[in-house]
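Understanding the architecture of this molecule
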Amino acid sequence: MSKVVNFSMANRSQVVRFLPARDLSADESRRLGGMREKARARQNDLDAQGVDWGLSVQDALEELIAGRADSAADHAGSAYYAALQIVIDHNASDDETLGSYRSPSTLFSALDDALRAAGVPADLLPNQYIYSGPPSEIGFYIPRPLEGSPEIGCWPLAKAGPAADAYRAVVDRIEPGLRYDLEELIKVLDSWSSEWVKGRGAWWWAEDGSIFFSITG
């Protein structure tokens, strides 16, 4: 079974604003209502597939917006990450797809090895941000899914340009089997870095603008 890696852009502070969700504005309250509807729909889809995480997506969302994630259910991490992705989606741009992979963790680990060997600095290697987990600004621990799906990553847009430049400088030295996927990643980082840099001063621009990655499947 393949896994799909999607990405979108959001400001980390807007996502964290709901974790916990306190003193919300009218617009934020409307968004929270949309999140609750989406959580119910996601759980209905899981129920139809016979998937039981021991914690419903609705309950996981309610815990997150209350500022906690302390369920003892074995697979609660999957419910929390599904709920967190809903929070991200309601504060982010429309998502786009980077690619579908049999094992994205294997691919990006191999890219890490190849880029490191070519001299790319460790803090710009891709596996660390695609699988970084929730934003570090969240003030409580959210357990990861035991089976690695869904997954979440977060990468500051301020680093996207330097990463793309570093990858582009060595792409001709990367083995052909990895080159296409690296070039696709360069395109994504270039595009969002360019939008973020050009948008400085616009109403939507913020220092904490980030690319959020979602891995499902």
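Structure: above.
Along strand 3 (residues 151-156), five of the six residues are buried, which leaves the element largely enclosed by surrounding structure. Across six bridges, the pairing between strand 3 and strand 4 (residues 209-216) is antiparallel. What sits directly across from Pro156, in strand 4, is Ser210.

As a further point, take the pattern of salt bridges. Between side chains of opposite charge, a pair can form when the charged atoms approach closely. Scanning all chains against the criterion turns up 13 salt bridges. With a shortest N-O distance of 2.7 Å, Arg36 and Glu62 are connected by a salt bridge. Remark: Glu62 occurs in helix 3 (residues 57-65) and Arg36 occurs in helix 2 (residues 26-49); sequence separation between them is 26 residues. Between Arg168 and Asp165 there is a salt bridge, and its shortest N-O distance comes to 2.7 Å. In this pair, Arg168 and Asp165 are both assigned in helix 7 (residues 157-170), three residues apart and thus about one turn of the helix distant. The exposure class of Arg168 is partly exposed, given its relative accessible area of 36%. Taken together, the shared-partner salt bridges connect Asp27, Arg30 and Arg31 into one network.

Attention now moves to the packing of helix 5 (residues 104-117) against helix 8 (residues 176-198). The contact between helix 5 and helix 8 brings their axes to 11 Å, and the two run at 90 degrees. Comparing their axes, helix 8 and helix 5 come out roughly perpendicular. Here Leu107, Phe108, Ala110, Leu111, Ala114 and Leu115 of helix 5 come into contact with helix 8, specifically with Leu178, Asp181, Leu182 and Leu185. Among the residues forming the contact of helix 5 with helix 8, the class breakdown is nine nonpolar, no polar and one charged.

Attention now goes to the nonpolar core. Of all hydrophobic cores here, the largest spans 39 residues; its most connected members are Phe108, Tyr167 and Leu189. Looking at this core, the elements with two or more residues in it are strand 1 (3-11), strand 2 (96-101), helix 5, helix 6 (126-130), helix 7, helix 8 and strand 4. Top element by residues in this core is helix 8. It accounts for eight residues. Filtering out sequence-adjacent residues up to four positions away, Tyr167 remains in contact with Leu115, Val120, Leu124, Leu125, Pro126, Tyr129, Leu182, Leu185, Ile186 and Leu189. One finds Ala10, Leu46, Ile142 and Ile152 within the second-largest nonpolar core, a separate group that totals 33 residues.

Each value, and the rule that gives it
Residues numbered from 1 in each chain as written. Predicted model: local features only at pLDDT ≥ 70, side-chain atom pairs only at ≥ 80, totals over all residues. Heavy atoms only, no water. Buried < 20%, exposed > 50% of the residue type's maximum accessible area, 1.4 Å probe, protein only. Helix = DSSP H or I, 4+ residues; strand = E, 2+ residues; numbered from the N terminus. Pairing = 2+ DSSP bridges. Salt bridge = Lys/Arg side-chain N within 4 Å of Asp/Glu carboxyl O. Axes fitted to C-alpha atoms, helices over the stretch in contact; angles between N-to-C directions. Parallel < 35°, antiparallel > 145°, perpendicular 65-115°, else oblique. Contact = heavy atoms within 4.5 Å. Nonpolar A, V, L, I, M, F, W, Y, C, P; charged D, E, K, R; others polar. Core = buried A, V, L, I, M, F, W, Y, C linked by side-chain atoms within 4.5 Å.

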